[in-house]
Every structure is written in C-alpha cells, then in structure tokens.
Amino acid sequence: MAEAADFQGMRTSPARRWLRRSASLLTGAPLMAGLLCGPAAPAAHAAEDATGSRTVDVSLDTFTPAAPGSKDTITISGTVINEGKQTITDAHVDLRVGQKLSGRTSIDRAAERTGYDPGLDGPEVDDKYTVEIPRLASGISHDFRLSVPADELDLDEDGGVYQLGVSLSGQTANVPFDQVLGIERTFLPWQPEAVEKKTRLTYLWPLISSTHLTSETGSDEQQTPVFEDESLAAELSPGGRLDQLVSLGNGLPVTWVMDPDLLATVDAMTRDYQVKKGNTTVPGKNQAVAKRWLSDLEAAVQGREVVALPFADPDLASLAHRGKSVSGSLSHLQPATEVAAITVETVLHVKASTDFAWPVEGAIDSSIVDVATSAGAHNVIARSDSLQDSLGYTPTAARPIGGGTTAVVADSRLSKAFRGDMTRSDTSTLAVQEFLAQSLAVTHQAPDKQRSIVVAPQRVPTAAQAQSMARALQALGNQRWAQPLDLVGAAHAKPDTDANTEVPSASQYPRKLRQQELPVEVFQDVRGTQETLDMFEGILTQADRVNTPFGRAIDRELSVSWRGNPVAAQQYRTGVRSYLRDLTEEVQLIEKSDVTLSGRSATIPVTVQNELVQGIDHLVLRLTAHNPTRLNLDGDKGMVEQRVRIDGGHSQTVKFPASANANGQVQMTAQLYTQDGKLYGKAMNFTVKVSEITPTVMLVIAGGVLLLVLAGIRMYTQRKRAAAREAAAAEAEEASKDGDSAADGTDEEASKDGDSAADEAESTRGDIDSPDPGQASDPGTNTRPESGDPSGAGEKVDR
C-alpha cells in the first residue's frame with residue numbers, strides 16, 4: 001500500500017503542479033464548451049476519449065468509515081492497473097467530490113455512469129491528499145491509500161448523498177501533459193447530525209439451505225437418518241456459508257428468517273447418521289461440527305425475533321399457479337406450518353413467529369396471496385418492484401391488501417444491493433456504499449415522515465454476500481438516519497394512506513420467475529406418494545415411524561430450493577417414491593401352486609408374510625372364487641374375508657373353508673385390502689381342481705361290494721351244512737365231529753375276511769366325510785412362528 005507520506009521526497013514542485021493543472025484546464029476547456037453548446041452525450045464521450053480515462057483501471061478495496069461523521073477521516077484504499085500499452089509517468093491518485101445527488105433515481109444514474117466527466121466528477125481535493133506514482137509501466141498495478149478529513153471536503157451541513165471519485169492522472173509519450181487516465185466512483189452518505197425522524201429499518205437475515213436429508217432411515221429404534229452427502233458439513237464448518245451467517249448475524253439488529261428443515265437436518269447430524277455412498281451407506285463423521293453450529297445459533301437468537309417459514313420453504317408461487325390444479329397439493333401447507341413452530345422451539349428453545357409467508361423474489365399476485373395465507377399466515381413479504389407505487393417518496397412497508405392480510409413490501413433497491421459476486425473487495429465496497437446512500441436518500445425524501453422500510457435480501461446469500469450485508473448494517477449502527485425495527489413491528493406499523501394496496505394480476509407476474517416454477521408433474525408425483533403413504537400408515541401398528549420421515553420428505557419435494565435444478569428434483573422424488581414402494585412390498589402374499597380338492601369340503605390356506613420390523617394390523621385378506629356354483633366359500637358365497645394381524649418379521653397362514661358342488665377347475669384370487677377397502681399390494685391368482693367322485697370314493701364302493709359277496713358265501717355255506725346234518729344223522733360220531741371241525745374252520749376264516757372288509761369300508765367312509773386338513777403344495781400354517789425371536793441375519797427388515 002502507498003500513502004501520500006511515502007512519497008514526500010518525490011513530490012513535484014509547486015510550479016510543476018501549477019503547470020500540470022493548467023494543462024488539465026486547457027484540455028478540459030473545449031470539453032466544457034462542448035457540454036454547454038453541444039449535445040450532452042457526445043461531449044461525455046469526447047471527455048472519455050480525450051482524457052484517456054479508460055487506460056487505467058481503478059478499484060476501491062476499502063472505504064472507512066462507510067458513513068463518516070464530521071470529525072472522521074475518510075480513508076480509501078485500492079489498486080490502479082495500467083491497462084494501456086504506454087508507460088504512464090508523473091502520475092498521481094486523487095480524490096474528487098462530485099455534486100450532491102438529489103434523490104434515489106439520481107443515485108441509480110450515477111452508479112451506471114462510466115468515464116470521466118469534469119462537470120460531474122468535480123475538481124481534485126487539495127494536493128496534500130494525493131498519492132504520487134512516478135512511473136506505472138504497462139500491465140503493472142500499484143496499491144494506494146488516500147486519507148482525507150471529512151471537514152476538508154466542503155460538504156453540506158444538512159447532509160445528503162455525494163458521488164465521490166478516485167482518479168489517476170498522468171502523462172504518456174503520446175500525450176505529454178496531465179490528463180485523467182482512469183476513475184472509479186462510489187458514494188459518500190453524509191449525515192453529520194442525527195435527523196429528527198429516523199427511518200425504521202427491518203433487515204431479514206435468512207438461514208435457508210437446500211435439501212440434504214433423504215426419506216430413508218435405519219430400522220433401529222432411533223431410526224438413524226440417511227444423508228445424500230456431506231455437503232452440509234462444509235457449510236457449517238468454520239468459514240462456511242452457514243457458519244458465516246450465524247457468526248455475522250450474532251449481534252446485528254436483524255430479524256432471523258429460518259427454514260425449520262435446516263434446523264431439523266442439522267439436529268439430526270448431531271447424533272449418529274449415515275451418508276449414501278453408491279449403493280450403500282457409511283457412517284457420518286461431522287457430529288461435532290453440527291453441535292457447535294447449533295450451539296452458536298441458539299446463543300445468537302436468544303432474545304431476538306425469529307420468523308419460521310413453513311417446513312422446507314414451499315414454493316408458494318408454484319403451488320398457486322400449477323399446484324392448485326392437482327387435488328391435495330395445498331393440504332401440505334398447514335401441517336408444514338405447524339411442524340415449523342415445533343421444530344424451532346424444540347431445537348433452539350425459542351418461540352418463532354409463523355405469521356409470515358415469503359414468495360420467491362417477493363413477487364405476488366392474487367393467487368399467490370391466497371395460497372400464502374391458506375396456512376394461517378396474515379402477512380406476505382412482497383417487494384416494491386411487484387407492488388409498485390407512483391409516489392415521490394418510499395412509503396412505509398406495511399400495506400393492507402384485504403381479507404385481513406398485510407403485504408409487508410420490502411424495498412427493491414436495498415433488497416437487491418448485495419447480489420452478484422461479492423468475493424471481490426472492490427465490488428463489495430461499492431455495494432456497501434450504494435446501500436448506505438440509498439438508505440440515506442430514503443430518509444431525505446420526506447424528512448417530516450417517519451417510515452418503516454423492510455429489506456429482504458437474496459434467499460440464500462453466499463458467505464461473501466453475508467459479509468457485505470453485515471458491513472452495511474454495522475455502518476448504520478450510529479443511527480444518525482436509520483434505527484432498527486423487527487419484522488413484526490414493521491408489519492404492525494401504521495400504513496401510508498397514499499401507498500398502493502392493489503395486488504397485481506396473474507398476467508403481471510414476471511415471466512422469468514414463472515418459467516422457473518415447479519411443473520405440474522411435481523404435484524402429481526407428490527399426490528401419488530401421499531396416497532401410498534396414507535395407505536401404508538393405515539396397516540401399521542407404529543405409523544409414526546414412517547409418517548415423520550416420509551411426511552417431511554414430501555414437504556421437501558415442494559421446496560423453493562429445487563428451482564433451476566429440475567433433474568435433482570426429479571431424482572429426489574423418484575427416490576422417495578421408490579423407497580416407500582419397497583417398504584409396502586415387505587407385506588405380501590406368498591405365491592401358491594394349484595390346489596386339488598378331494599371330496600365335497602376342504603380348507604384352502606393362503607399365507608401372508610410381513611418382513612417389516614413392526615407389526616401390521618387392520619389388513620383384510622379376501623379370497624374370491626370366480627365360479628361359485630362349482631366351488632363356494634363360507635356357505636353359498638363366492639367371496640370370503642378374514643382380518644390379518646402379523647408381528648414384525650413373521651408370516652401367517654389364513655385358512656378358508658370351501659365346499660365343492662361339481663367337478664372341474666375354479667380360478668381363485670387372493671387380495672389384501674386396507675380396512676377402508678383400498679387395494680394393498682398385488683393380487684395372487686391360483687387354480688383349485690374340484691373332483692366330486694375321486695379314486696378314494698371308488699375304493700369305498702368296491703369294498704362294499706366285496707362285503708356283500710362274502711356275506712352271500714357265508715349264507716350258502718350255512719344252508720348246505722344244515723342240509724347235510726339232516727341227511728347224515730346216522731353217520732358215526734367221529735365223522736360228524738370231523739365235518740363240524742372243517743365247517744368251523746371255514747366259518748372262522750370267512751368271519752375274519754368279512755370283518756377285515758368291513759373295517760376297510762368304515763375307514764374309507766371316514767375319509768369322505770372329514771375335511772381335508774391341507775394340500776401338500778401349500779405352505780405350513782406359519783412359515784415363521786410368532787415366537788418373538790429376532791429376525792434372521794439375512795432377512796430384510798425396515799420401518
């Protein structure tokens with residue numbers, strides 16, 4: 001850095017400086033004549049070309065103090081770079097005070113002006129505040145530092161905004177006299193004494209990030225969360241974006257505006273968590289980073305106003321313009337608002353206001369206002385380039401727009417002051433000075449009116465942008481023309497009766513913003529996922545284990561953060577839907593082979609398997625016969641139902657009684673239903689073969705015929721034996737005994753044969769009458785008995 005004192009031994013003589021200034025005046029005289037006698041624009045261009053003001057690039061790296069008082073010394077440091085082809089000699093860097101600017105529009109025009117204009121940029125400040133640069137070769141840069149007491153600048157005691165120029169003047173071989181070769185302008189907000197009616201300024205400090213959590217959780221009791229990656233840890237680490245927002249915002253007079261999803265995500269990171277890596281997950285390692293950040297944030301917001309947006313910061317404009325056409329889309333807003341308040345209080349131990357809605361870029365129309373307030377909010381944060389005024393001053397932010405709703409209109413210029421790349425110190429310095437100048441101009445517009453102004457910066461500021469914002473707010477700390485006010489106070493401020501309160505029509509909504517909105521397909525996907533989730537919850541004994549992770553994942557699908565990133569948005573929705581479908585398929589029917597019924601009555605078993613870690617209930621298994629005249633169920637019905645309740649990691653076999661009326665095949669369908677009659681899972685089809693006269697029945701009939709034959713033989717034998725006794729009465733006693741013995745032997749054998757046949761027939765008759773206990777092709781009554789034993793190591797279990 002080079003200060004004026006560093007070059008005291010190399011200063012040019014007073015006579016030479018007089019000649020140099022005379023040459024400058026001679027050069028500028030024709031230009032001034034052109035300004036007075038000719039068109040303004042050509043004269044300005046002539047000034048640029050004649051002085052070579054585009055040869056040197058001048059950048060301003062620091063400006064302190066940003067809002068100086070009457071006793072302060074203004075110090076400006078920066079760099080000059082010779083971008084020309086010739087060496088510059090006898091150069092010096094000086095300060096020029098331009099005209100006092102009359103209003104906000106004049107500040108806008110001054111900020112857009114380029115090149116040197118002696119009529120607007122003003123003369124050099126006294127020589128003793130210049131920095132001499134004897135030689136500046138082509139392509140070479142040189143640092144400088146100017147220090148000038150504020151009371152040396154001859155500024156108005158009433159205050160105002162001045163344009164301040166830092167220029168480099170010197171000579172080249174082609175032009176051997178003093179000329180302005182480069183200049184950079186900034187603004188000097190000058191208010192030496194505090195005004196009577198200060199502007200009350202509300203600055204929103206947003207803590208919002210993109211989606212990092214998936215819908216997946218572990219099957220353990222704690223439901224270990226799964227993150228997409230570790231990118232959030234980088235933002236939370238020292239120097240990261242979110243770390244800077246917390247450290248800079250601590251102590252600033254701001255209103256914290258938070259997405260509770262960020263708090264919930266960081267809170268989940270403070271405990272065990274998993275991170276996706278390919279097709280698997282690995283343990284996360286940044287618990288300490290998350291704990292430190294949450295601790296710092298909690299300390300920063302104590303005693304401060306906190307506004308909580310609906311969970312995951314839903315895209316209100318997309319919901320209004322495209323989501324309303326899909327039933328159920330708006331139903332997510334109220335739960336998201338309720339969860340927001342609970343999350344902030346649980347994580348940060350402070351109560352947050354949920355009475356504010358913040359559409360993208362503060363752009364509103366009537367449909368956006370309707371959607372924004374449907375969740376219970378009574379205040380909509382809009383922006384002045386959406387709800388425009390034709391007044392000669394900036395009115396108070398609060399505007400009643402009907403229906404008990406207040407539009408809190410943020411100032412467009414101030415809200416957009418720190419956009420762009422603020423990593424360059426010169427860009428940041430100019431942005432801070434212009435912000436302060438615009439804020440002072442607001443106060444000077446109507447000094448007899450005390451107004452409330454709101455600043456709503458970019459939703460996701462970078463670390464560099466946050467640093468620039470903080471410097472501007474610190475400069476306002478002297479409160480000479482502005483004083484802080486929280487957002488609730490701004491919303492309750494007395495409205496300006498002349499301010500515009502007419503909400504723009506839908507046709508006035510910016511086309512660029514409309515092109516970035518979430519498509520209708522997003523809301524259709526959300527509806528499908530929600531319907532599946534509702535059905536799944538209805539059969540679970542611990543529904544909260546899926547309601548919380550999937551409910552919040554659906555909220556994230558509607559987030560503003562997906563704007564401009566449709567591919568990632570689609571991937572996230574697909575991941576949520578696929579994972580939920582996989583869980584629902586853990587409860588399913590086990591496939592059956594075809595069944596053969598032997599006899600008129602039997603039972604048909606169907607097995608339901610539950611591979612979840614929690615039990616299921618309120619599930620109904622329905623079995624339908626497509627030909628009930630051939631095979632009916634439960635009496636004369638063609639359909640029968642039974643309730644199913646299965647513990648986690650078990651299965652259950654449900655038996656249905658069936659009755660056959662005729663031979664043939666019958667198509668059967670088994671289907672699970674929820675308690676309210678909605679289909680659950682895939683249907684299972686199988687065939688039942690009915691045979692009324694089976695081989696078993698034929699065997700029974702044959703046995704009966706055999707019994708009859710044996711009975712006839714016995715009767716014939718007995719009759720023959722009686723006739724023989726009567727005819728041979730005279731035979732000898734020994735012969736009679738022999739005959740009787742033979743007959744007895746025959747009788748005994750016949751009796752045994754008859755008894756054996758009768759027993760066989762009786763056994764066959766019993767098979768016909770009794771139901772079939774089951775088919776060989778059917779699974780057992782319970783493939784995994786409900787013993788309470790833990791699931792096997794290779795078994796897939798989940799929520």
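Please read these numbers as outputs of a predicted model, since none were measured by experiment. (Residues numbered from 1 in each chain as written. Predicted model: local features only at pLDDT ≥ 70, side-chain atom pairs only at ≥ 80, totals over all residues. Heavy atoms only, no water.)

Focus: the overall build of the protein
- Within the protein one finds 21 helices and 29 strands.
- Considering the protein as a whole, with its 799 residues, one finds that 50% of them fall into the buried category.
- Of the contacts made within the protein by residues no fewer than 6 positions apart, 79% connect residues no fewer than 24 positions apart.
- Total accessible area computed for the protein in this model is approximately 36400 Å², and 51% of it derives from carbon and sulfur atoms. (Helix = DSSP H or I, 4+ residues; strand = E, 2+ residues; numbered from the N terminus. Buried < 20%, exposed > 50% of the residue type's maximum accessible area, 1.4 Å probe, protein only. Contact = heavy atoms within 4.5 Å. Areas by Shrake-Rupley, 256 points an atom, 1.4 Å probe, with all protein chains shown as cover.)

What about helix α14 (residues 463–475)?
- Over its 13 residues, α14 extends 19 Å from the first C-alpha to the last, a length consistent with the 18 Å expected when each residue adds 1.5 Å.
- Most of α14 is tucked away, with 10 of its 13 residues classed as buried.
- Among the residues of α14, A463, A464, Q465, A466, S468, M469, A470, A472, L473 and A475 are the ones counted as buried.
- Each element contacted by the buried residues of α14 is listed here: β8 (199–207), α6 (241–249) and α13 (425–445). (Expected span 1.5 Å × (residues − 1).)

Let's talk about the sheet that holds strand β10 (residues 225–227)
- On the basis of which strands lie adjacent, the open sheet formed by four strands has the order β9-β10-β12-β13 and mixed pairing. One side of each edge strand has no neighbouring strand; the edge strands of this open sheet are β9 (213–217) and β13 (280–283). Each adjacent strand pair in this sheet contributes to an overall mean axis angle of 40°, direction not counted.
- As defined by bridge partners, β10 adjoins strand β12 (residues 274–277) across two bridges and the pair is classed as parallel. Following the sheet pairing, F227 is matched in β12 by V275. (Pairing = 2+ DSSP bridges. Axes fitted to C-alpha atoms, helices over the stretch in contact; angles between N-to-C directions.)

Focus: unusual backbone geometry
- With omega at -15°, the peptide bond leading from T64 into P65 counts as cis.
- Counting through the fold element by element, P65 comes out in the loop between β1 (56–64) and β2 (73–82).
- Here A312, not a glycine, exhibits a phi torsion of approximately 75°, which is positive.
- Tracing the backbone shows A312 in the loop between β14 (306–308) and α9 (316–321).
- Here the phi dihedral of H618 falls at roughly 60°; this positive angle occurs in a residue that is not glycine.
- Among the structural elements, H618 can be located in strand β24 (residues 616–625).

Notes on helix α8 (residues 287–301)
- Look at α8: 21 Å from first C-alpha to last across 15 residues, which is about the 21 Å you get at 1.5 Å a residue.
- Following α8 by one or two positions, G303 has its phi on the positive side, about 75°.

Concerning the packing of helix α18 (residues 544–557) against helix α19 (residues 566–584)
- For the pair α18 and α19, the least separation of the axes is 10 Å and the interaxial angle reads 155°. Taken together, the axis directions place α18 and α19 in an arrangement best described as roughly antiparallel. The way α18 lies across α19 gives a crossing that is left-handed. In contact with F550, A553, R556 and E557 of α18, α19 contributes Y572, R573, V576, Y579, L580 and L583. (Parallel < 35°, antiparallel > 145°, perpendicular 65-115°, else oblique. Left-handed = near helix turned anticlockwise from the far one by under 90°.)

A closer look at the nonpolar core
- Formed by 78 residues in total, the largest nonpolar core has its most connected members in F536, I604, L621, L623, L631, M668 and V688.
- Leaving out residues up to four positions away in the same chain, M668 has contacts with I604, L623, T624, A625, H626, L631, L633, M684, N685, F686 and V688.
- Counting 69 residues, the second-largest nonpolar core is a separate cluster that includes V254, M258, A472 and L476. (Core = buried A, V, L, I, M, F, W, Y, C linked by side-chain atoms within 4.5 Å.)

So, the pairing of strand β7 (residues 179–190)
- Judged by how many residues are buried, β7 sits mostly within the fold: 11 of 12 residues are covered.
- Here strand β6 (residues 160–171) pairs with β7 via 11 bridges, running antiparallel. The residue bridging S169 from the neighbouring strand is V180, located in β7.

Brief notes about the sheet that holds strand β22 (residues 595–598)
- Taken together, the five strands give an open sheet; going across it, the order is β22-β29-β28-β24-β26, and neighbouring strands pair in mixed fashion. The sheet terminates laterally at β22 and β26 (639–646), the two strands that pair on one side only. Mean inter-strand twist for the sheet, computed between neighbouring axes without regard to direction, equals 30°.
- In this sheet, β26 lies alongside β24 in antiparallel orientation, the contact comprising seven bridges. In the sheet register, I616 faces β26, and the bridge partner there is I646.

A few points about the pattern of salt bridges
- As enumerated under the stated definition, the model contains 30 salt bridges in all.
- In this structure, D315 engages R563 in a salt bridge whose closest nitrogen and oxygen atoms are separated by 2.6 Å. Here D315 is found in the loop between β14 and α9, whereas its partner R563 is found in the loop between α18 and α19, with 248 residues between them in sequence.
- Each of E361, R383, D385, K416 and R419 takes part in a single network of salt bridges with overlapping partners. (Salt bridge = Lys/Arg side-chain N within 4 Å of Asp/Glu carboxyl O.)

Here's the deal with the confidence of the model for the protein
- For the protein, the mean per-residue pLDDT works out to 85, and 82% of the residues sit at or above 70.
- Contacts from residues 739–799, a stretch scored under 50 in pLDDT, to residues over four places away or in other chains number 90 contacts. (pLDDT = per-residue confidence, 0-100.)

Looking at the side chain of E124
- With respect to the helices and strands, the residue E124 is situated in the loop between α4 (118–121) and β4 (131–136).
- Side chain to side chain, E124 and H92 meet in a polar contact 3.2 Å long.
- Here R96 takes part through its side chain, which lies 3.5 Å from a polar atom of the side chain of E124. (Polar contact = N/O pair within 3.5 Å; in protein donor to acceptor, adjacent residues only side chain to side chain.)

Examining the packing of aromatic side chains
- Using the criterion set out here, one finds six aromatic pairs in the structure.
- Geometrically, the ring pair formed by Y203 and F435 is edge-to-face, given 6.1 Å between the ring centres and 65° between the ring planes. With Y203 in strand β8 and F435 in helix α13, this pair connects stretches of sequence that are 232 residues apart. Comparing Y203 with F435 shows no difference in burial state: the two are buried.
- Ring centres of F550 and Y579 lie 5.7 Å apart, and the angle between their planes is 25°; on these two criteria the pair is classed as stacked. Placement of the pair is F550 in helix α18 and Y579 in helix α19, with a sequence separation of 29 residues. Like F550, the residue Y579 is buried in the burial classification.
- An aromatic cluster of three or more residues is present, and its members are Y203, W205, F418 and F435.
- One Lys or Arg, R459, reaches over the ring of W358 and ends 4.5 Å from the middle of that ring.
- Its end group placed over the ring of F311, R552 keeps NZ or CZ at 5.5 Å from the ring centre. (Phe/Tyr/Trp six-rings, centres within 6.5 Å; stacked < 30°, edge-to-face > 60°. Lys NZ or Arg CZ within 6 Å of the ring centre and 35° of its normal.)

Side note on the packing of helix α17 (residues 520–537) against α19
- The contact between α17 and α19 brings their axes to 10 Å, and the two run at 20°. The angle between α17 and α19 falls in the class roughly parallel. Considering the relative orientation of α17 and α19, their crossing is left-handed. Across the interface between the two elements, V522, D525, T529, T532, L533 and F536 from α17 touch Q570, R573, V576, R577, L580, L583 and T584 from α19.
- Here the residues of the contact of α17 with α19 are counted per class, giving six nonpolar, four polar and three charged. (Nonpolar A, V, L, I, M, F, W, Y, C, P; charged D, E, K, R; others polar.)

Examining the environment of V125
- Assignment of secondary structure puts V125 in the loop between α4 and β4.
- On the basis of relative accessible area, V125 is assigned to the buried category, the value being 11%.
- Sequence separation of V125 and L95 is 30 residues, and the distance between their C-alpha atoms is 5.6 Å.

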